[in-house]
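Understanding the architecture of this molecule
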Amino acid sequence: MYLFECSVTFEADPCAVWALWTDVSRWPEWDASKEIARLDGPLQAGTTGWAKQRGNLGGPFTVTAVDPGHRWVTECPVPFGKVVFDHVLEPAGAGRVRVVKRVNLLGGTAPLLLLFVPRMRRDITESLAALGRLVAQPSPITGDH
């Protein structure tokens, strides 16, 4: 079941966005909902990780697909199903990138999880904007972007 999609477009080097977006341990720096996050290996299909949302219990996730520099997909188990997060990075012309996060639900918990969609949409939209702001900041070491 498709739930929703959030996207933001900003000025940035796509490689820099990809590097920050896929650095799971840094998610809490810009993701409004994450308190702790880790990836237990390289970013590739089959690698597992764990994340704790602020104010909630933590849980595992699994990377199920990676197209380096463009797309990666994770799945999080929920009772009687799973939530699939599809992360897409698209060139938007003239030094701009479009960052998209799609949320899908598979299994029997759709009616219950629909109650959380407004908050999830708000948190994801806020987090993607924060990702754009962070990637646009000059590096403290080199002064470069």
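These lines cover the structure that appears in this document, whether it is placed above or below. The residue count restarts for each chain, going from 1 along the sequence in the order it is written. Confidence filtering applies because this is a predicted model: local features only for residues at pLDDT of at least 70, side-chain atom pairs given and counted only at 80 or more, and all residues used for totals across whole chains, interfaces and linings. Water and hydrogen atoms play no part in the side-chain values, which are based on all heavy atoms of the structure.

**A short note on the side chain of Asp31**
This is how it is decided: Helix numbering and strand numbering both begin at the N terminus, where a helix is a DSSP run of H or I of at least 4 residues and a strand a DSSP run of E of at least 2. Exposure is judged per residue with a 1.4 Å probe applied to protein chains only, and the accessible area is read against the type maximum: over 50% gives exposed, under 20% gives buried, and values in between give partly exposed. Two N or O atoms form a polar contact when they lie within 3.5 Å of each other; inside protein one atom must be a possible hydrogen donor and the other a possible acceptor, and for residues adjacent in sequence the pair counts only when both atoms belong to side chains. Should any heavy atoms of two residues lie within 4.5 Å, those residues are counted as being in contact.
Structurally, Asp31 is set in the loop between helix 2 (27-30) and strand 2 (34-39). In this structure Asp31 comes out as buried when scored by relative accessible area, which is 6%. Only 2.9 Å separates the side chain of Asp31 from the side chain of Ser33, close enough to count as a polar contact. Here Ser127 takes part through its side chain, which lies 3.1 Å from a polar atom of the side chain of Asp31. Excluding residues within four positions of it along the chain, Asp31 makes contact with Arg54 and Ser127.

**Looking at the layout of surface pockets**
Over the atoms rolls a probe the size of a water molecule, and its path tells where empty space is left. The condition is simple: Grid points spaced at 1 Å and placed over the protein atoms alone form the basis of the search, with a cavity being a set where a 1.4 Å probe fits but cannot get out and a pocket an open set showing protein on both sides within 12 Å along at least five of seven lines. Lining residues have an atom within 4 Å of a point. Grid points are joined across faces, edges and corners, and a volume is the space filled by probe spheres set on the points. Residue type decides the class: Asp, Glu, Lys and Arg count as charged, Ala, Val, Leu, Ile, Met, Phe, Trp, Tyr, Cys and Pro as nonpolar, and the leftover types, Gly among them, as polar.
There is about 1,000 Å³ of room inside the largest pocket. Surrounding the largest pocket, 37 residues form its lining, Lys34, Gln53, Asn56, Phe85 and Met120 being those nearest its centre. Those elements that provide at least two residues to the lining of the largest pocket are helix 2, strand 3 (48-53), strand 4 (58-67), strand 5 (71-78), strand 6 (81-91), helix 3 (110-113) and helix 4 (117-136). The biggest single contributor to the lining of the largest pocket is helix 4, with six residues. Among the residues forming the lining of the largest pocket, the class breakdown is 21 nonpolar, nine polar and seven charged.

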